[in-house]
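A closer look at the structure
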Amino acid sequence: MCGIALIIGPNPNATVFERMLDAIAPRGDVQETLSGDGYHLGTQRLKIVDRERAIQPWSSPDGRWAVCYNGEVYNFRSLRSELAAVGHELRSDSDTEVILEAFLEWGEQAVHRLRGEFAFAVVDRALDRVYLARDPLGVKPLYWSRFGGHLYVASELKALVPVGGPVTEIPPGHHGWGSPVEDPAVSAYVDLLTMGDGDEPITDVGQAAQLVRAALEDSIRVRVDTDLPVGVILSGGLDSTLTLLHVREMHPKCVAFTIGTPGSDDVSYARRVTRELGVDHEVIELAPGDIHLADVREAIRLSELTEYGDVINAVISRLLFARVHSSGVKVVLCGDGSDELFGGYEMYRQPDPVLRQRLFQHKLHNLGRTELQRVDRTSMGHGVETRVPFLDLALVRLAMRLPIELKLRNGQDKWILRHAFADILPDYVRQRPKNPLSHSSGLHERVRLYRSQFPRIYRSFGYGQLSPMRRDFSIVLEQHGLNLDQALRDVDTQPDYSMVEHARDLAGALRWNAVEALRRRSGLSR
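Residues numbered from 1 in each chain as written. Predicted model: local features only at pLDDT ≥ 70, side-chain atom pairs only at ≥ 80, totals over all residues. Heavy atoms only, no water.

With respect to the overall build of the protein
We count it as follows: In DSSP terms, a helix is any run of H or I states spanning at least four residues, a strand is any run of E spanning at least two, and both are numbered starting from the N terminus. Between the two quantities, the radius of gyration covers C-alpha atoms and the globule rule is 2.2 Å times the number of residues to the power 0.38. Categorising residues by exposure relies on relative accessible area from a 1.4 Å probe, with only protein chains included: less than 20% of the type maximum marks a residue as buried, more than 50% marks it as exposed, and the intermediate range marks it as partly exposed.
Summing up its helical and strand segments, the protein has 20 helices and 17 strands in all. Radius of gyration (C-alpha) of the protein: 23 Å, near the 24 Å computed for a compact globule of 526 residues. Counting only C-alpha atoms and orienting by the principal axes, one finds that the protein spans roughly 70 × 50 × 45 Å. In the protein, which comprises 526 residues, the share counted as buried stands at 59%.

Things to note about helix α5 (residues 238-250)
Heads up, the condition is: Helix span, as expected, comes to 1.5 Å for every residue beyond the first.
Taking 1.5 Å of rise per residue, the 13 residues of α5 would be expected to cover 18 Å, and the 19 Å separating its terminal C-alpha atoms lies within 8% of that figure. Buried residues dominate α5, accounting for ten of its 13 residues. Among the residues of α5, those classed as buried are Leu238, Asp239, Ser240, Thr241, Leu242, Thr243, Leu244, Leu245, His246 and Val247.

Observations regarding the sheet that holds strand β1 (residues 2-8)
To keep it simple, the criterion reads: At least two DSSP bridges between two strands are required for those strands to pair. We call two residues contacting when some pair of their heavy atoms lies within 4.5 Å. Axis definition: a line fitted to C-alpha atoms, limited for helices to the stretch in contact. Angles are taken between N-to-C directions and run from 0 to 180 degrees.
Taking strand neighbours across the sheet as the criterion, the six strands line up as β2-β3-β1-β9-β8-β10 in an open arrangement whose pairing is antiparallel. What marks the edges here is a single partner per strand, and that holds for β2 (30-36) and β10 (168-169). Sheet topology places β1 next to strand β3 (residues 39-45); seven bridges connect them, and they run antiparallel. By the bridge assignment for β3, Leu6 is matched with Leu41. Against the sheet, helix α1 (residues 14-23) makes contact with β1, β2, β3 and β9 (150-154), and its axis sits at roughly 165 degrees relative to β1, the strand it touches most.

Comments concerning the packing of helix α8 (residues 308-326) against helix α11 (residues 371-380)
How two helices sit against one another is set out by the angle between their axes and by the gap between those axes. The following threshold applies: Working definition: roughly parallel below 35 degrees, roughly antiparallel above 145 degrees, roughly perpendicular at 65 to 115 degrees, and oblique for all remaining angles. Crossing handedness is read from the near helix: turned anticlockwise from the far helix by less than a right angle, it gives a left-handed crossing, and turned clockwise, a right-handed one. Residues are grouped as follows: nonpolar covers Ala, Val, Leu, Ile, Met, Phe, Trp, Tyr, Cys and Pro; charged covers Asp, Glu, Lys and Arg; every other residue, Gly included, is treated as polar.
Packing of α8 against α11 brings their axes to within 9 Å, and their N-to-C directions diverge by 30 degrees. By the angle class used here, α8 and α11 are roughly parallel. Between α8 and α11 the crossing geometry is right-handed. On the side of α8, the interface is formed by Asp310, Asn313, Ala314, Ser317, Arg318 and Phe321, while α11 contributes Glu371, Arg374, Thr378 and Ser379. Partitioned by chemical class, the residues of the contact of α8 with α11 number two nonpolar, four polar and four charged.

Focus: the pairing of strand β5 (residues 65-73)
Each regular strand shows side chains that alternate between the opposite faces of the sheet. Where burial is concerned, most of β5 is hidden: nine out of the nine residues are buried. Burial of the side chains of β5 extends over both faces: Trp65, Val67, Tyr69, Gly71 and Val73 are buried on one face and Ala66, Cys68, Asn70 and Glu72 on the other. Relative to β5, strand β4 (residues 58-59) runs antiparallel, the two being bridged by two bridges. Residue Ser59 lies in a different strand from β5, and its bridge partner there is Ala66. Between β4 and β5, which pair antiparallel one after the other, the connecting turn spans five residues, and Gly63 there sits at a positive phi close to 85 degrees. For β5 and strand β6 (residues 116-124), the ladder comprises nine bridges, and the chain directions are antiparallel. Counted as the bridge partner of Ala66 is Val123 from β6.

Considering helix α10 (residues 353-366)
Test applied: Here a polar contact is taken to be a pair of N or O atoms separated by no more than 3.5 Å, where protein atoms must pair a possible hydrogen donor with a possible acceptor and residues adjacent in sequence count only if both atoms sit in side chains.
Here α10 spans 20 Å end to end across 14 residues, near enough to the 20 Å set by a 1.5 Å rise per residue. Taking the backbone nitrogen of Val354 as reference, a side-chain oxygen 3.0 Å away marks Asp352 as the first, capping residue of α10.

Some details on the pattern of salt bridges
Pairing is possible between side chains of opposite charge, provided their charged atoms come close. What counts, and what does not: What makes a salt bridge here is a side-chain nitrogen of Lys or Arg within 4 Å of a carboxyl oxygen of Asp or Glu, nothing more.
Scanning the entire structure with this criterion turns up 48 salt bridges. Across the pair Arg223 and Glu117 runs a salt bridge, and its minimum N-O distance is 3.1 Å. Within this pair, whereas Arg223 is found in helix α4 (residues 205-223), its partner Glu117 is found in strand β6, the two being separated by 106 residues in sequence. Residue Glu117 is classed as buried on the basis of its relative accessible area of 1%.

Topic: the environment of Gln56
Checked against the element boundaries, Gln56 lands in the loop between β3 and β4. Remark: the alpha-carbon pair of Gln56 and Leu244, spanning 188 residues in sequence, is separated by 32 Å. Residue contacts for Gln56: discarding those within four places in its chain leaves Cys2, Glu32, Thr33, Thr43, Arg45, Val67, Cys68, Tyr69 and Thr96. Among the polar contacts listed, one links the side chain of Gln56 to the backbone nitrogen of Tyr69, at a separation of 2.7 Å.

Some remarks on the nonpolar core
Our working rule: We call a set of buried residues a nonpolar core when its members are Ala, Val, Leu, Ile, Met, Phe, Trp, Tyr or Cys and they connect through side-chain atoms within 4.5 Å of each other.
Of all hydrophobic cores here, the largest spans 141 residues; its most connected members are Met20, Phe120, Leu244, Phe342, Ile416 and Phe454. Take this core: its biggest share by element is nine residues, from α8. Other than its neighbours up to four places away in sequence, Phe342 contacts Val212, Tyr348, Phe390, Leu395, Ala399, Leu402, Lys407, Lys414, Ile416 and Leu417. By size, the runner-up hydrophobic cluster in this structure holds 17 residues, among which are Ile8, Cys68, Ala121 and Leu132.

So, unusual backbone geometry
For the bond from Gln56 to Pro57, the omega torsion is -10 degrees, close enough to zero to count as cis. Position of Pro57 among the secondary structure elements: in the loop between β3 and β4. A positive phi angle is found at Glu304, which is not glycine, with a value near 60 degrees. Position of Glu304 among the secondary structure elements: in the loop between α7 (293-303) and α8. At Asn410, a residue that is not glycine, the phi angle is positive and equals roughly 55 degrees. With respect to the secondary-structure elements, Asn410 resides in the loop between α12 (393-400) and α13 (415-420). A relative accessible area of 71% places Asn410 in the exposed class.

What follows is the structure in structure tokens.
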């Protein structure tokens, strides 16, 4: 995976281009560029597949086309064979080249053939235009800004801040053309807001369990197809433990990474799991007092997140991925996305099935700017590629066909997952209830001390060019009884928390931290 940056238009500014590339430097091992009359193209390439030959930007043999690409396409070998069979002469064994050749063969329909996590720009140097595409779930990011007669494109918002104009995000599952004189006109090739509508439900428990099991196993199998060591972000919960169980069986070199306070739920569960499996385990143990304002500021700079809860998780994730990077691991898998698919959130208890479906679709549609953005920025900001097996499009489509009765049953969320893998999951993991990262790591309340400062820090980096910091939508949704339309109207009316709300939150955080400090000093901490 990589970071990309490009400028299309007459006499592009080389200094701005350098600043754009510098802003995303941590995403790669090596900087590679291609410049000419009317364009600057560049990548910060994290060398994973065909590490020596897959140089970017990758050009077509005739020199007209060039691609800047960030991501992994897991079916590139089968696509490569298909392209070779119709006469394409390929010069590498990389998914980068396959993306360009697939585009030249199938045009805009090529995105329907790509299985993976990607964002890319195909530049037509003859006509000064660029085709932009982003993966269906938005695992990989893509932004643009058209300003001063030029079109700027980059993997991260921070790379476009030097441009000085408004910034727009390419939505998940969208693609289209842009140029220096026309804003990118993108449309959905996968529409998350209608996904699952009209699909035939799978109601048989045995069939559902068999299909879920096969889909997840296949998704993980393609994501461990590398000769590099593979890490797993392990909380000791259901999703990450399932991921670890499979990676351990499918890859010869596996290591788990866990972060939390000593004795926290995550650390305790993860230690037990790895001990029983005999898996190498790196634990980042932190006391709450180890987190300071500088850590919060760096997490906001890195993550560019707009909701408070996501920022809190990003503070913790950043410290986690710093350890992953220092350990020398470049590829990791995580369990993110399972809660959205299989009923891990309160929204699934909405009694109206039509509204519940809309909530599900809304959550999926926004993953790219919330949880997946946190994962991308905090991992790639340390040169680590994170793969998300639960968000393979085939598994997502399958999950959309499962009725709520298979997701919530006997008081358990994600019931079908617990049932499908009951034979390999330890009982203590299978019965463990969901607990968000920041809470189960024991670090949430420490970071909450700084919540009222998040908007000021966010604005200081120029991120308001895209969007302001906003109230946590999950909280707004709960306040409106899981009524999506009312929650959306409320957020539009009052985007951010009031000073009174911030003051009340800070008082609660101060009280919690004071009590916890007394417990620790007296030896009564859990």
